[in-house]
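Geometric and topological summary
In case you want the letters, here they are:
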Amino acid sequence: MSRDRAVDALRAYAVGGVVLGHWLVTGLVLAPDGTLTQASPLTAMPSLAPASWLLQTLGLFFFAAGYASARSAARQPSGRAWLARRLRRLVLPAVALLGIGAAVLLAATVLGTPDGTLSVALTLAVSPLWFLLPLLVLVALTAPLRAAVRRWGALRCAAPAVAVVAVADLTGRLYPAVPGRLPVAVLAAWAVPYLLGLAHADGRLTGRRAALGLAGAGAAGLAGLIALGYPVSAVGVPGAAVSNLHPPSLFAVALAVTQVGVGLAVRPALARLTRRPWAGWAVGLVNRHAVRVYLWHQPVLVGVTVLAARAGADLPGLHTAPDGPGWLVARLCWLPVLAAVLLVLVRGRRAGGTASARPAGHPPMDGVARPVG
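Reference entry: report on the structure contained in this document. For clarity, every value in this text was computed on a predicted model and none was experimentally measured. (Residues numbered from 1 in each chain as written. Predicted model: local features only at pLDDT ≥ 70, side-chain atom pairs only at ≥ 80, totals over all residues. Heavy atoms only, no water.)

Things to note about the overall build of the chain
- When you go through the chain residue by residue, the secondary structure sums to 16 helices and two strands.
- For 373 residues, the compact-globule estimate of 2.2 N^0.38 gives 21 Å, and the chain sits close to it at 21 Å.
- The dimensions of the chain, computed from C-alpha atoms along their principal axes, are 60 × 50 × 40 Å.
- The long-range fraction of contacts in the chain, counting pairs at least 24 apart against all pairs at least 6 apart in sequence, stands at 80%.
- About 16,600 Å² of surface is accessible on the chain, with carbon and sulfur atoms providing 69% of the total. (Helix = DSSP H or I, 4+ residues; strand = E, 2+ residues; numbered from the N terminus. Rg over C-alpha atoms; globule rule 2.2 N^0.38 Å. Contact = heavy atoms within 4.5 Å. Areas by Shrake-Rupley, 256 points an atom, 1.4 Å probe, with all protein chains shown as cover.)

Take a look at the structure:
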């Protein structure tokens, strides 16, 4: 079964968008006592909120995951063996992160790292793990979801999930103290792009008309939701009463549908781009290490920031408050450093694990990292 290079490119963009977005909206401010506190540039620069529409790409990630699940499941004679293999590839990198993180946290405590810094570091390091829960559930439900999509179509299957998110939004505004809204909304919201991915893997949503229809419907939904008072930012802003991402709202669903539609509309261009050696190498690299890149990008930011702080440095864009364009320019200058550290980390762990015989341009069909060790 041949690879879909366009979907590989969408997955790479999705992972890169999440990483870049987190690195740009996560400010860590060094206090005089050496404690790090978290701040967001979106608080001081709300005009940057529309940029989050390009960098909050979890919808594309779940779309690519649904596509990959359907394609890889079709090649496996045993559904149980496929599911066990798929779940193992998702869970083992997370277990490795937790184990290494616990050891680092213990060492930092012994070295006298301030409690405030430890709290921020732990929150940022563990927070990426949330995506595993809905992804694990959706992967486990791939077979019945795929059968439903084949029988009723992706849009009819996605409609109940959209309705659940709408009810969760309304409940959150009328009765914010109602428990259980977060997990329900998280699963329902990300089921929508996952279902679109399953449908695309089965030959649906392939025409330009379907792609533009999705993009147009999603964009109209975004415009309508903003008119109704939904926040403009696709990610949470500290101090804001409502977040579009925690839990994911109808805005997050509309953004995901828009991104999927645009991505499908530019499929030919993406396929041509990945034929270029440098682009094919980059897309293949991100796809082979997608889960590890996602799990480790925030620990890399925290680690570089803390180590620089312990060295006695107070560096612009790394330890200063995100209060203006100067901070943003300085943070952009730090991105190559963070990317280099992340690249060394994920490729180093890959070298210590199971080697792959696939060439750089051909990552595994499921698009997730190989197990550690």
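Looking at helix α9 (residues 154–174)
- With 21 residues, α9 ought to run about 30 Å at 1.5 Å a step, and its terminal C-alpha atoms sit 31 Å apart, in line with that.
- Among the residues of α9, those classed as buried are Ala154, Cys157, Ala158, Ala161, Val165, Ala168, Asp169 and Gly172.
- Lining the buried residues of α9 we find α8 (142–152), α10 (181–201) and α12 (250–265). (Expected span 1.5 Å × (residues − 1). Buried < 20%, exposed > 50% of the residue type's maximum accessible area, 1.4 Å probe, protein only.)

Quick word on the pairing of strand β1 (residues 27–30)
- Side chains Gly27 and Val29 project from β1 onto one buried face, and the interleaved Leu28 and Leu30 project onto a second face that is buried too.
- In this sheet, strand β2 (residues 36–39) lies alongside β1 in antiparallel orientation, the contact comprising four bridges. Within β2, the residue paired with Val29 across the bridge is Thr37.
- Turn length for the β1-β2 hairpin, with the two strands adjacent in sequence and antiparallel, is five residues, and the turn residue Gly34 shows positive phi of about 90°. (Pairing = 2+ DSSP bridges.)

Thoughts on the environment of Ala108
- The residue Ala108 is located in helix α5 (residues 79–110) in this model.
- Once the C-alpha coordinates of Ala108 and Val306 are considered, the two residues, 198 residues apart in sequence, prove to be 10.0 Å apart.
- With near-sequence residues (within four places) excluded, Ala108 lies in contact with Thr113 and Leu118.

Thoughts on the packing of helix α4 (residues 58–74) against α10
- Running from N to C, α4 and α10 point in directions that differ by 40°, and their axes come no closer than 7 Å. It follows that α4 is oblique to α10 by the angle criterion. For the pair α4 and α10, the crossing hand works out as right-handed. Across from Leu58, Gly59, Phe62, Phe63, Ala65, Gly66, Tyr67, Ser69, Ala70 and Arg71 in α4, the residues of α10 making contact are Trp190, Pro193, Tyr194, Leu196, Gly197, Leu198, His200 and Ala201.
- Residues of the contact of α4 with α10, tallied by class, amount to twelve nonpolar, five polar and one charged. (Axes fitted to C-alpha atoms, helices over the stretch in contact; angles between N-to-C directions. Parallel < 35°, antiparallel > 145°, perpendicular 65-115°, else oblique. Left-handed = near helix turned anticlockwise from the far one by under 90°. Nonpolar A, V, L, I, M, F, W, Y, C, P; charged D, E, K, R; others polar.)

So, the pattern of salt bridges
- Summed over all chains, the structure comprises four salt bridges.
- The closest approach of N and O atoms between Asp4 and Arg267, which form a salt bridge, is 2.9 Å. Of this pair, Asp4 sits in the segment before α1 (5–25) while Arg267 sits in helix α13 (residues 267–274); the two residues are 263 residues apart in sequence, bridging distant segments of the chain.
- A relative accessible area of 23% places Arg267 in the partly exposed class.
- Between Asp202 and Arg150 there is a salt bridge, and its shortest N-O distance comes to 3.1 Å. (Salt bridge = Lys/Arg side-chain N within 4 Å of Asp/Glu carboxyl O.)

Thoughts on helix α11 (residues 208–227)
- Across its 20 residues, α11 extends 28 Å between first and last C-alpha, which sits within 8% of the 28 Å expected from 1.5 Å per residue.
- Listing the buried residues of α11 in full gives Ala211, Leu214, Ala215, Gly218, Leu222 and Leu225. Down the axis of α11, the buried set is contained in an arc of 100°. They therefore lie on one face. In α11, the exposed positions that point more than 90 degrees away from the buried face belong to Arg208, Arg209, Ala220 and Ala227.
- As for α11, its buried residues are in contact with α9 and α12.
- Gly229 sits one or two residues past α11 and shows a positive phi near 105°. (Arc of directions from axis to C-beta.)

Geometric values such as these leave the question of function open.
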